[in-house]
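# Coordinates in review
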Amino acid sequence: MSQSPIKKNQGVSVISEAVCQKIIGRENAFIAVENVFAAMAKNTAYNFPVIREAIGHENALYGFKSGFDRDGMVLGLKSGGYWPGNTDKGLTNHQSTVILFDPDTGKLKSLVGGNYLTAVRTAASSAVSIAHLARKNAKVLGIVGAGHQSTFQLRAALEQRSFEKVVAWNLHADKLSNLADVCKELNVPFEGLSREALCAQADVIITITSAFEALIDKAWIKPGTHIACMGTDTKGKQEVDAELLATASVFTDELAQSITIGEAQHAIASGLIKDTDIVSIGDVINGVKPGRTSDDEITLFDGTGVGLQDLAVASVAAALAEEKGLATYFSL
């Protein structure tokens, strides 16, 4: 869905976090993310270079992700980052705002709350990878990590296959209750396991942590597993054994980020794989390249998180909020 034009005399629209949660669901996010991945693969949507820096205060990472989607006529940026101490303040660790501009004039169009949208678009990204790469008969879903983002991942993933069980691991086991509560609500059996035991059971594994070391060993992964690595988005971060990428068929949202700040950075640096070994998920969506080719193949999606995902869901949120009379306006 493209952005609606600026309403005369109403100025810049503001779409709050509460409004975003009211009007954007998992289906909206899935469609928006799938479409923008397809556009990226066709080179009709472009992500601009990412700025992401440690600011030397509150141990925070702060940055900008931006881009232009010619198909959807969406231009803008997401500004924000990660504040690890926010949980103690009653806030989510990830804080962000999406800023949309009119691509025809460059005028500021909308300010959109980005915290909920970041969570739902990240979950949509792994869900898209499951839809296109996981075995059709996948029955056990594994989640590595139980922070704020994990429940969004869980809900989105459960809609992609007929999963009969969820298994999970987290460094602090008490947080597994976040996932257990969702499974109880959805009547899906849940079990907390060690990482190795999780890998022995899971047909699909989502890693959603802030780790800087491999949490998953190559030897633990059974044939036919699909892994969505969703936590590595900064130089130095790592969630899985780099040698696993040499064994798996590797897919990503954006190659440039995958090899520099994504999960593939370590395998690339070690010479285990080349950038030509990594396939754009958009090419799979567009039918240009194959996804999974056998039930024994291990597939891995390197979900680095691109600015165009944020712009895509934010533009839908802005259009829906304006249409439903839920936006507020101001003039500069």
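Summarised in this report is the structure supplied together with it. (Residues numbered from 1 in each chain as written. Predicted model: local features only at pLDDT ≥ 70, side-chain atom pairs only at ≥ 80, totals over all residues. Heavy atoms only, no water.)

## Quick notes on the side chain of His266
Examined against the element boundaries, His266 turns out to sit in helix H9 (residues 265-269). On the basis of relative accessible area, His266 is assigned to the buried category, the value being 19%. Among residues more than four places away in sequence, those in contact with His266 are Gly236, Lys237, Gln238 and Ala242. (Helix = DSSP H or I, 4+ residues; strand = E, 2+ residues; numbered from the N terminus. Buried < 20%, exposed > 50% of the residue type's maximum accessible area, 1.4 Å probe, protein only. Contact = heavy atoms within 4.5 Å.)

## Some details on the sheet that holds strand E13 (residues 226-229)
In space, the eight strands of this open sheet follow the order E10-E9-E8-E11-E13-E17-E15-E16, with parallel pairing throughout. A strand with exactly one partner marks an edge of an open sheet, and here the two such strands are strand E10 (190-192) and strand E16 (278-280). The sheet shows a mean angle of 20 degrees between the axes of neighbouring strands, direction not considered. Examined bridge by bridge, strand E15 (residues 249-252) and E16 share three bridges and lie parallel to one another. Looking at the pairing, Val250 lines up with Ile278 of E16. Against the sheet, helix H3 (residues 115-133) contacts strand E11 (204-207), E13, E15 and strand E17 (299-302), and its axis sits at roughly 160 degrees relative to E13. (Pairing = 2+ DSSP bridges. Axes fitted to C-alpha atoms, helices over the stretch in contact; angles between N-to-C directions.)

## Observations concerning the pairing of E15
When E15 meets E17, the two strands line up parallel, connected through four bridges. If you follow Ser249 over to E17, its bridge partner there is Thr299.

## Section: the side chain of Asn93
Within the secondary structure layout, Asn93 lies in the loop between strand E5 (74-82) and strand E6 (94-101). Here Asn93 falls in the buried class, since its relative accessible area comes to 17%. Among the polar contacts listed, one links the side chain of Asn93 to the side chain of Thr87, at a separation of 3.0 Å. Setting aside chain neighbours within four positions, we find Asn93 in contact with Gly81, Tyr82, Trp83, Pro84, Asn86 and Thr87. (Polar contact = N/O pair within 3.5 Å; in protein donor to acceptor, adjacent residues only side chain to side chain.)

## Some thoughts on unusual backbone geometry
In this structure, Glu58 is a non-glycine residue whose phi angle is positive, near 60 degrees. Here Glu58 is to be found in the loop between strand E3 (51-54) and strand E4 (61-69).

## So, helix H4 (residues 148-158)
When you tally the buried positions in H4, you get eight out of eleven residues, the bulk of the element. Restricting attention to buried positions, one finds in H4 the residues Gln149, Ser150, Thr151, Gln153, Leu154, Ala156, Ala157 and Leu158. Of the surrounding secondary structure, the elements contacted by the buried residues of H4 are helix H2 (26-41), H3, strand E8 (140-144), strand E9 (165-169), helix H5 (177-186) and E11.

## Description of the state of the cysteines
Applying the stated rule across the entire model yields zero disulfides. Left unpaired, Cys199 is separated from the closest cysteine sulfur, that of Cys229, by 11 Å. Note on Cys199: relative accessible area 0%, which makes it buried. (Disulfide = S-S within 2.5 Å.)

## Description of helix H11 (residues 307-323)
Each α-helix turn comprises 3.6 residues. Residues three or four places apart therefore point the same way. In this model H11 runs 24 Å from its N-terminal to its C-terminal C-alpha over 17 residues, within 8% of the 24 Å that 1.5 Å per residue would give. Of all 17 residues making up H11, 16 are buried, and the element is well covered by its neighbours. Gly325, located one to two residues past H11, shows a positive phi value of around 75 degrees. (Expected span 1.5 Å × (residues − 1).)

## Some remarks on the environment of Glu239
In this structure, Glu239 sits in strand E14 (residues 238-240). The sequence separation of Glu239 and Thr207 amounts to 32 residues, and the corresponding C-alpha distance is 6.9 Å. Among residues more than four places away in sequence, those in contact with Glu239 are Thr207, Ile208, Thr209, Glu213, Ala214, Leu215, Ile216, Cys229, Met230, Gly231, Thr232 and Glu263. Reaching out from Glu239, the side chain makes a polar contact with the backbone nitrogen of Ile208 at a distance of 3.5 Å.

## So, the pairing of E17
Side chains of E17 alternate between two faces, with Thr299 and Phe301 and Leu300 and Asp302 buried alike. For E13 and E17, the ladder comprises four bridges, and the chain directions are parallel. Looking across to E17, one finds that Ala228 is bridged to Phe301.

## A few points about the pattern of salt bridges
Here the idea is simple: oppositely charged side chains can pair when their charged atoms come close. One pass over the full model with this rule turns up 13 salt bridges. Linking Arg26 and Glu159 is a salt bridge whose minimum nitrogen-to-oxygen distance equals 2.7 Å. You can see Arg26 sitting in helix H2 and its partner Glu159 sitting in the loop between H4 and E9, a full 133 residues away along the chain. Looking at Glu159, the relative accessible area reads 48%, which means it is partly exposed. Across the pair Lys42 and Asp71 runs a salt bridge, and its minimum N-O distance is 3.4 Å. On the criterion of sequence distance, the pair formed by Lys42 in the loop between H2 and strand E2 (45-47) and Asp71 in the loop between E4 and E5 is long-range, its members being 29 residues apart. Three or more residues joined by partner-sharing salt bridges are found here, namely Arg52, Asp233 and Lys237. (Salt bridge = Lys/Arg side-chain N within 4 Å of Asp/Glu carboxyl O.)

## Notes on the nonpolar core
Core analysis: the biggest nonpolar cluster contains 67 residues, and Ile24, Phe37, Val112, Leu117 and Leu141 have the highest contact counts within it. With 27 residues, the next largest nonpolar core counts Ala202, Ala264, Ile278 and Ile298 among its residues. (Core = buried A, V, L, I, M, F, W, Y, C linked by side-chain atoms within 4.5 Å.)

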